[in-house]
Amino acid sequence: MSSSLASFENAPMKTSLLSLGGRVLLLALLALVALPQTALAAGENYGQVSGYVYDPTGAPLAEVPLTLSGPSMQQPQTTTSGDDGRFEFTLVPPGEKYALEVKVEGFTPIKKTGINVRLGQTSPVDVKLEVLTETEAVATYEIVTQVNPIINPDSAQTGAVLTAEKASATPVFNQVQAIPQLVAGVGPGNAPSSRGGLSRYGKSFVDGMDTTDVTDGSISAPFNFYAVENFEVITGGLDAQYNSLGMIENVVTKSGSNDFTYDVTMVLSPAWSNAKALSASNQSSAVGGFIQNDTPQAETSFYSPLVAFGGPIVKDRLWFYASGQWNFSHQETPITLPGEELTNRPKDTETRLARLKLTWQPTAKDRISFAFNYDRNLIDNNISNSSTALDAESKINRGGFFFIVNYDRPLTDTMLFQVSAGTTYKDAHFGPQNDDDDAVSHSDGNVTRFSSGSLGSGRVGNYQDETKRRFQLDPTLTFKLDKHQMKGGIQIGYLTGGQTQGVTGNQRYIDRSGGVCNPDDPTTFAYCDRRIDFYDPNGEQKPLSTDASVLTLGTFIQDRFTLNRHFTVVGGLRFDAGRLYSDDGKFIKNLTGFGPRLSGTYDLFGDRTTLLKAHFGRSTDVGDVFVAQHGNPDLTQVTTRWNTTTNSFAECTPFGTETGCQTAGGPTGRIFDRDAKTPKVDELSFGLHQAVGDKAVVGADFTYRKYSNLWVDEEVNQIWDPSGTRVVGYVNGEPRQITKITSPDDAWRDYKGMDLWVQGKSGPWDLLANYTLAFANGTVGNYFDNYGFNPRMKSFAEGPNPDDIRHTVKGSISYATDFGLDFGFRFRYLTGTPLWMNSVNAGGGTLYRSERGTGHSVNAATGRPDFNDPSTVSELRNPDTFLLDAQARYDLGRPLGMKQKLELTLLVVNLFNNTDVSTINDRYSATGTNTFGTSNFRNRPLQAELLLRFRN
C-alpha cells in the first residue's frame, strides 16, 4: 500500500469543514447516491495503528515522520504526528510482524517491531525519542518489540478478534460460523443468539460486505476455514456504521503477499475414531418401554481435503489467494419404528467450497480487491429421526456464490473514499428423498410415512424450491479535522427471494394410531381421523409460487473525537428505512428507524493500560425477505374430519363454509398491520479493561438491552371461550383463521448481563476465556411464534426467554512448547435453558397453564398435574451442560529440518464422551403416550479427527 493511502491522517487541513454542521453533512451524504440502499453498513476491512510521539521529558513532538511496513502491505505507509504528537495509520491490513520506524535529526532512530494488527481494532504504539549524544558516531536504530494489540483505546465496542493462528490452535471443527460462540455474550451453536436477542439477528460480513442470508440471519455461504486472516466478533457497543440487533461476525480473508504460500490439509475421521452412542435408539413413543436393541451401533465418519495457495502475480502490485475444500460426512442414527426392524439410518452430506481473491494496487493512490466464493451442499436422509419412516425421508440440495469488490482511494491529503459492493446468490431444494411428488403423507402422531410432513414451523409444504439474492453498494467517506476523525456513509442494498412450496399429492392424512387410513377400504376406517387438502390462491391443487423483496436505505455519520491522550468520544447517528414488497411487487409497508450512538473511552493513566468504557446506542430492524415473505399468501389448507356415521370425509371446497370443514391460510390468511412499529433494541453498557503485561487484557463488561416491538402473528378472527381451550365463534362468521402480522408494544425481550473475560498471551499460554452472568426475559420466543395466536394465553407469556442461560463459563486455551508441540483446550459449562410446560390445545395451537419457564408438578395421588393448584408451579429448565474438547499439534518439520511446517494434529471433541441429556421434552399429554420430562436430545458422543497440514 502506498504512502498516499495513509498521508491524509495528520496532514494540515487545506480547507475547513467546521462550517458544515451534522445536518448539512448528512444531507450531502444522502445526495451522493439516489439509489435504494441497505440498512446494514459495510464492515471493516482494516485495523489501525495509532499513538503519540514525545521527547524524553514527555512533551509531544509535532511533524515527526513515521513509516509503517509489513508483509501484509503491498507498499509501506507514511504519516506525520500532529500538534499533540498523535499519529494514526487507519488502513492497515490485519496481520503480524509490522514495523514502525521513526528517524528524526538529533534523536536516536527507533524501530518498533512485532506489531500485530487485528481487524477493526487499534494497536496502540507510543514512541519516546531519546536525544542523540555527541559521543555517538553512528545513529543506529533502537529496536523495541512491544505492543498490545488487544487493548483498544479508540472504541467502546465489545467482542473479540481472533487471528488465523489462534483459530487453528483452538479445538473446533473447521467452520467459519463456529467462531462467534467462543466470545463472551454469545450463545452456543453455529447460529447463536447473543445478549438476549434472537439468533436470526446475527450478521455475517466477509471482507467488509454483508453476506448474511436474506431470510434467516445465518451465514449465506461457508468457505475454507484456513482462507481467513482475522475473525472479528462484535457483541455490543456498535459504532454508527453498523445496524444490527445481534452479534456481528466480520471476517477478512487472506490476500496473498510478495511470497508464494501454500497450505494443504487432510482431515481424517474414520468411524473407528468416533465413540458410539450408548443411549437408547432414537425411537417413536409408540414403541413404548423398549430401551435397547442388538442392532450394530451407529457410526460417524468425516473426510475433507483442503487446499489454499497464494502469492504475487505482479510483485508489489497484484496478489492472489485461492482455496478449495471438499467435505464428505457419514452419520448414522439408530431408528426404532413400530412393527419394523431396527436399523441405523445413514445421513450422508457432501460439501464443495471454492474461493479466489485478487488484490490490486494499480497506482500509488488506488487499491482494489475482488473476491469470488462458491459453495454446494448435498444432504440425503435429512430428517433421520424416528418420527419419519425411511420412505418419507427428505433431501437437501443447496448452494450459491457471492462476489465482492472493495475500492480505496484518497481524494485529498485529509479525505479518503472507500466503496464496498457485491452480490450474493443462494438456491435451495428441499424435497422427498425418493423424488415422488405424488406420494401422500400419512401421520398417526408418532410416525410419518410415504412422504415427509411439513418442512418446519411456518412452512406448510413438504417440498420447496427457493432462491435468494442480495445486491449491495456501500460508499464511505472518511476525513480528518484536527482531533476529529469523521466518517459518513450510505449503504445500498436490494434483497429478494422467491420460493415454490407444495405438498406431495396435494393431500396429507392425520390418522389414528395403529394403522393407515384409506377412505376406500372399510378395513381401515378405524384409523381415519383428518384429511388436509392443499390449494393455491386460485383454488387449484398445485404448488404455490411467491416472491418478496426489500429495498433498504441506511445512512450514517460518526465523529471519533480524541480530546487528549486520556479521553476519546465517539458520537454518531444513523437513519434506516426499509420498503417491503410481497408477491408480484405488491407494496406492503415502509419501516424506518433512527439509531443514535454515543460512547466514550477514558484512559485512566494515559499509558494505554487501564480503560473505562461506556456506550449507549439503538439499532432497528427495517425488514428482510423473511418478514416480507410472511405477508404472502400461504397454501390454503382445508381440514375435514372423518364422519363415523357416514364413514366418509366431508366434501369441502377451498373457500367454502361447509359443515365439518375448516380453512386456514390462503390469500387472506395473513394481513400486514399498516400501523406496525419498527422492531428495535436499545443498549446501555459499561466496561473496565486492564492490560496485563504487553500481550493480554482482562475486562469486565456490563450490558442492558431492551428489544421492543418484535414481530408476532396475531389471530383476529377466532373467538375463544374464557378458558382459551375452545373456539366458540368467528368475528366474520367464516370458520377460518385470519392472522394480523404486527409488532405490538407487549412483544418484547430484555437482557441484563455481566461478562468477565481475559484474552491474550502470557508466555507460552494463549487465552480466550470468560464468565457470563445473564438474565434474559420477555414475552416472545421468536418472530411469529405462538404469541398472539390465542389471546387467553398471553397472560402466561412473560418469563425467561428460550435463550436464557444464567451462567456460562467457557474458554479456548492453548499452550505452546519451544520444541514444536502445542496443546489446545476448549471448555464450556452452561446452565440449562428454560422449559415451558404445554400441551396440544383441542381448539388449535398450544395450551399453557403457567408462566413461561415453569410447569406443574404431578399429583402423587392421581398421577397427573393439578393445573388448578398454583402452589404446584415451579421453575423448569433443561440440564446443565459441561463439555471439553482438546487437541495436540506437533510440527514434524522441526526434527526433519524443514523450513516448512508439517503439522500433525489430533483433535478430540467431547473428550469425556459426555452423552448426557441436553434438552428435555416439555409437552404434556393426558391421553396416549406422554413424553413430558423425557429426553429430547443428548450431547453427541466423542469424535476424533486427525489433521495433516503442510504449509510454508
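Analysis parameters
- Here the residue numbers are simple positions, counted from 1 along each chain's written sequence.
- In keeping with the model being predicted, local features are shown solely for residues with a pLDDT of at least 70 and side-chain atom pairs are shown and tallied solely at 80 or more, while totals for entire chains, interfaces and linings include all residues.
- For the side-chain quantities, the full set of heavy atoms in the structure was used; hydrogens and water were omitted.
- Under the DSSP-based scheme used, a helix requires at least four consecutive residues in state H or I and a strand at least two consecutive residues in state E, with every element numbered from the N terminus.
- Atoms considered for the radius of gyration are the C-alpha atoms alone. The globule rule reads 2.2 Å times the number of residues to the power 0.38.
- Burial here depends on accessible area, computed with a 1.4 Å probe over protein chains only, as a share of the maximum for the residue type. Under 20% is buried, over 50% is exposed, and the range in between is partly exposed.
- Should any heavy atoms of two residues lie within 4.5 Å, those residues are counted as being in contact.
- For accessible areas, the Shrake-Rupley method is used with a probe of radius 1.4 Å. Any residue's cover is judged against the shown protein chains and nothing else.
- His is not counted, nor are the chain ends, whereas Lys and Arg count as positive and Asp and Glu as negative.
- Charge coordinates come from a single atom per side chain, which is NZ of Lys, CZ of Arg, CG of Asp or CD of Glu.
- Two strands make a pair as long as DSSP finds a minimum of two bridges between them.
- Axis definition: a line fitted to C-alpha atoms, limited for helices to the stretch in contact. Angles are taken between N-to-C directions and run from 0 to 180 degrees.
- Where each domain begins and ends follows an automated or database-derived domain assignment.
- When two components associate, each loses some accessible surface as probed by a 1.4 Å sphere; the sum of these losses over both components is called the buried area.
- Nonpolar cores were defined as sets of buried Ala, Val, Leu, Ile, Met, Phe, Trp, Tyr and Cys residues, with membership established by side-chain atoms within 4.5 Å.
- Only a pair of cysteine sulfur atoms within 2.5 Å counts as a disulfide in this structure description.
- By convention in these notes, a salt bridge is any Lys or Arg side-chain nitrogen within 4 Å of a carboxyl oxygen on Asp or Glu.
- The patches reported here contain residues having more than 30% relative accessible area and no salt bridge. Joining distances are 9 Å for like charges and 5 Å for nonpolar side chains (Val, Leu, Ile, Met, Phe, Trp, Tyr).
- In summary, the pairing rule links any two rings of Phe, Tyr or Trp, Trp by its six-membered ring, whose centres are within 6.5 Å, and it sorts them by plane angle into stacked for under 30 degrees, edge-to-face for over 60 and tilted for everything else.
- Residues are called lining when one of their atoms sits within 4 Å of a cavity or pocket point, these points coming from a 1 Å grid over the protein atoms alone, where a cavity is a set in which a 1.4 Å probe fits but cannot get out and a pocket is an open set with protein on both sides within 12 Å along at least five of seven lines.
- Grid points are joined across faces, edges and corners, and a volume is the space filled by probe spheres set on the points.
- Note that Gly is not counted as nonpolar here; it falls among the polar residues with everything else outside the nonpolar set of Ala, Val, Leu, Ile, Met, Phe, Trp, Tyr, Cys and Pro and the charged set of Asp, Glu, Lys and Arg.

Undergrad: Give a detailed account of the overall build of the chain, specifying residues and quantitative values.
TA: A tally of helices and strands in the chain yields three helices and 56 strands. Relative to its length of 952 residues, the chain is compact, with a C-alpha radius of gyration of 30 Å against a globular reference of 30 Å. Counting only C-alpha atoms and orienting by the principal axes, one finds that the chain spans roughly 115 × 65 × 55 Å. Considering the chain as a whole, with its 952 residues, one finds that 56% of them fall into the buried category. Sequence-distant contacts in the chain: of pairs separated by 6 or more residues, those separated by 24 or more amount to 72%. Surface exposure of the chain reaches about 38,200 Å², of which carbon and sulfur atoms provide 56%. For the chain, the distance from the average site of its 85 positive side-chain charges to the average site of its 104 negative ones is 2 Å.

Undergrad: Help me get a handle on the sheet that holds strand β36 (residues 670–672), residues and values and all.
TA: The three strands are arranged β36-β42-β39 in an open sheet whose pairing can be described as mixed. The open sheet has two edge strands, β36 and β39 (712–715), and neither has a second partner. Across this sheet, the average inter-strand angle for adjacent strands is 35°, counted without regard to direction. The sheet contact formed by β36 and strand β42 (residues 739–742) spans three bridges and is parallel. Looking at β42, one finds that Phe672 is bridged to Ile741.

Undergrad: Lay out the domain arrangement of the chain with the relevant residues and their values.
TA: Assigned domains of the chain: these are domain 1 (47–128) and domain 2 (158–253). Each of domain 1 and domain 2 has a C-alpha centre, and these two points are 30 Å apart. Between domain 1 and domain 2, the residue contacts involve eight residues of the former and eight residues of the latter. In total, about 640 Å² of surface goes out of reach between domain 1 and domain 2, with carbon and sulfur atoms giving 61% of it. In terms of surface lost to domain 2, no three residues of domain 1 exceed Pro94, Arg118 and Leu119, which account for 75% of the buried area on that side.

Undergrad: Summarise the nonpolar core; cite the residues concerned and give the values.
TA: With 33 residues, the main nonpolar core has Tyr201, Leu580, Phe672, Leu710, Trp711 and Tyr783 as its most contacted residues. When contributions to this core are tallied by element, the ones reaching two or more residues are β29 (544–562), β31 (587–603), α3 (625–630) and β49 (846–848). By residue number, the principal contributor to this core is α3, which donates three residues. Residues within four places of Leu710 in sequence aside, it is in contact with Tyr201, Pro679, Thr742, Ser743, Pro744, Ala747, Trp748, Arg749, Val780 and Tyr783. Grouped together as the second largest cluster of nonpolar side chains are 30 residues, Val206, Ile219, Ala371 and Leu947 included.

Undergrad: Could you give me a rundown of the state of the cysteines, with the residues and numbers involved?
TA: In protein structure, a disulfide is the covalent linkage between the sulfur atoms of two cysteines. Following the criterion strictly, the structure yields two disulfides and no others. Each sulfur in the disulfide pair Cys517 and Cys528 lies 2.0 Å from the other. One quick way to see it: the torsion about the S-S bond of Cys517 and Cys528 is about 85°, and its sign makes the bridge right-handed. Linking Cys517 in the loop between β27 (507–510) and β28 (530–535) with Cys528 in the loop between β27 and β28, this pair joins segments that are eleven residues apart in sequence. By the burial criterion, Cys517 is buried, and Cys528 matches it. Note on cysteine connectivity: Cys652 is disulfide-linked to Cys661, with sulfurs 1.8 Å apart.

Undergrad: Provide a residue-level description of the pattern of salt bridges, including the pertinent values.
TA: Any two side chains of opposite charge can pair if their charged atoms end up close together. Scanning all chains against the criterion turns up 43 salt bridges. In this structure, the salt-bridge partner of Asp263 is Arg949, at a minimum N-O distance of 2.5 Å. Taken together, the residues Asp263 in strand β15 (residues 261–269) and Arg949 in strand β56 (residues 943–951) connect sequence positions 686 residues apart. Exposure remark for Asp263: the relative accessible area of 5% places this residue in the buried category. Here Arg409 ties to Asp366 by a salt bridge, and the two come within 2.8 Å at their closest N and O atoms. Of this pair, Arg409 sits in strand β21 (residues 394–412) while Asp366 is found in the loop between β19 (343–360) and β20 (367–379), placing the two residues 43 residues apart along the sequence. Under the relative-accessibility criterion, Arg409 is labelled partly exposed at 29%. Assessed through its relative accessible area of 9%, Asp366 is described here as buried. A network of salt bridges, in which partner residues are shared, links Glu165, Asp822, Arg889, Glu903 and Arg951.

Undergrad: Tell me about the sheet that holds strand β11 (residues 203–206), and please be specific about residues and values.
TA: By definition, the strands of a sheet pair up through backbone hydrogen bonds, in either a parallel or an antiparallel sense. The sheet built from five strands is open, its strands ordered β10-β13-β14-β11-β12 with mixed pairing. Sheet topology places β10 (158–163) and β12 (209–210) at the edges, where each strand pairs with a single neighbour.

Undergrad: So what's going on with the pairing of strand β13 (residues 228–236)? Which residues, and what values?
TA: Among the nine residues in β13, eight count as buried, and that is most of the element. Relative to strand β14 (residues 248–253), β13 is paired through six bridges, and the arrangement is antiparallel. Looking across to β14, one finds that Asn230 is bridged to Val252.

Undergrad: So, unusual backbone geometry: which residues are in play, and what are the values?
TA: One non-glycine residue with positive phi stands out, namely Arg195, at about 50°. Along the polypeptide, Arg195 turns up in the loop between α2 (164–168) and β11. Its relative accessible area of 3% is what places Arg195 among the buried residues. We note that Asn709 has phi near 55°; this positive angle belongs to a residue other than glycine. Locating Asn709 in the fold gives a position in the loop between β38 (696–708) and β39.

Undergrad: Describe in detail a nonpolar patch on the surface, supporting the description with residues and values.
TA: Taken together, Met266, Leu268, Tyr303, Trp326, Phe328, Leu904, Leu906, Leu946 and Leu948 make up a surface patch of nonpolar side chains, about 730 Å² in accessible area. When contributions to the nonpolar patch are tallied by element, the ones reaching two or more residues are β15, β18 (318–336), β53 (901–909) and β56.

Undergrad: Provide a residue-level description of the packing of aromatic side chains, including the pertinent values.
TA: According to the stated counting rule, one finds 28 aromatic pairs in the structure shown. Between Phe225 and Phe231, the aromatic rings sit 5.6 Å apart at their centres with planes inclined by 35°, giving tilted as the arrangement. For the residue pair Phe225 and Phe231, the accessibility class agrees, reading buried in each case. Consider the rings of Phe626 and Phe784, whose centres lie 5.6 Å apart with planes at 50°: the pair is tilted. Of this pair, Phe626 sits in helix α3 while Phe784 sits in the loop between β44 (765–778) and β45 (799–800), and the two are 158 residues apart along the sequence.

Undergrad: Report on the environment of Gly788, specifying residues and quantitative values.
TA: For Gly788, the position within the fold is in the loop between β44 and β45. Gly788 sits in the buried class, given a relative accessible area of 6%. Along the sequence, Gly788 and Val716 sit 72 residues apart, while their C-alpha atoms lie 9.0 Å from each other. Not counting the four nearest positions on each side in its chain, Gly788 is found in contact with Asp713, Glu714, Glu715 and Lys794.

Undergrad: Report on empty space enclosed by the protein, specifying residues and quantitative values.
TA: If you walk through the whole model with that rule in mind, you get 14 cavities of 30 Å³ or more. Within this model, the largest cavity holds a volume of roughly 560 Å³. Forming the walls of the largest cavity are 41 residues, and the residues nearest its centre are Glu44, Thr90, Gln241, Gln418 and Lys487. Split into classes, the residues belonging to the lining of the largest cavity amount to eleven nonpolar, 21 polar and nine charged. Three or more residues apiece are contributed to the lining of the largest cavity by two domains, here domain 1 (47–128) and domain 2 (158–253).

Undergrad: Any details on the side chain of Thr476? Residues and values, ideally.
TA: Along the chain, Thr476 falls in strand β25 (residues 463–481). Those residues in contact with Thr476 that lie beyond four places of it in its chain are Leu416, Phe417, Gln418, Lys487, Gly488, Gly489 and Phe556.

Undergrad: Could you give me a rundown of the pairing of strand β3 (residues 77–80), with the residues and numbers involved?
TA: Only one face of β3 is covered, namely the one carrying Gln77 and Thr79; the face carrying Thr78 and Thr80 has none of its residues buried. Here strand β2 (residues 65–69) pairs with β3 via four bridges, running antiparallel. Bridge pairing links Thr67 to Thr78 in β3.

Undergrad: Mind laying out the environment of Ala178, listing which residues take part and the relevant values?
TA: Within the fold, Ala178 resides in the loop between α2 and β11. Sequence separation between Ala178 and Pro192 is 14 residues, and the spatial gap between their C-alpha atoms is 9.3 Å. Setting aside its immediate chain neighbours within four residues, Ala178 contacts Phe173 and Asn190.

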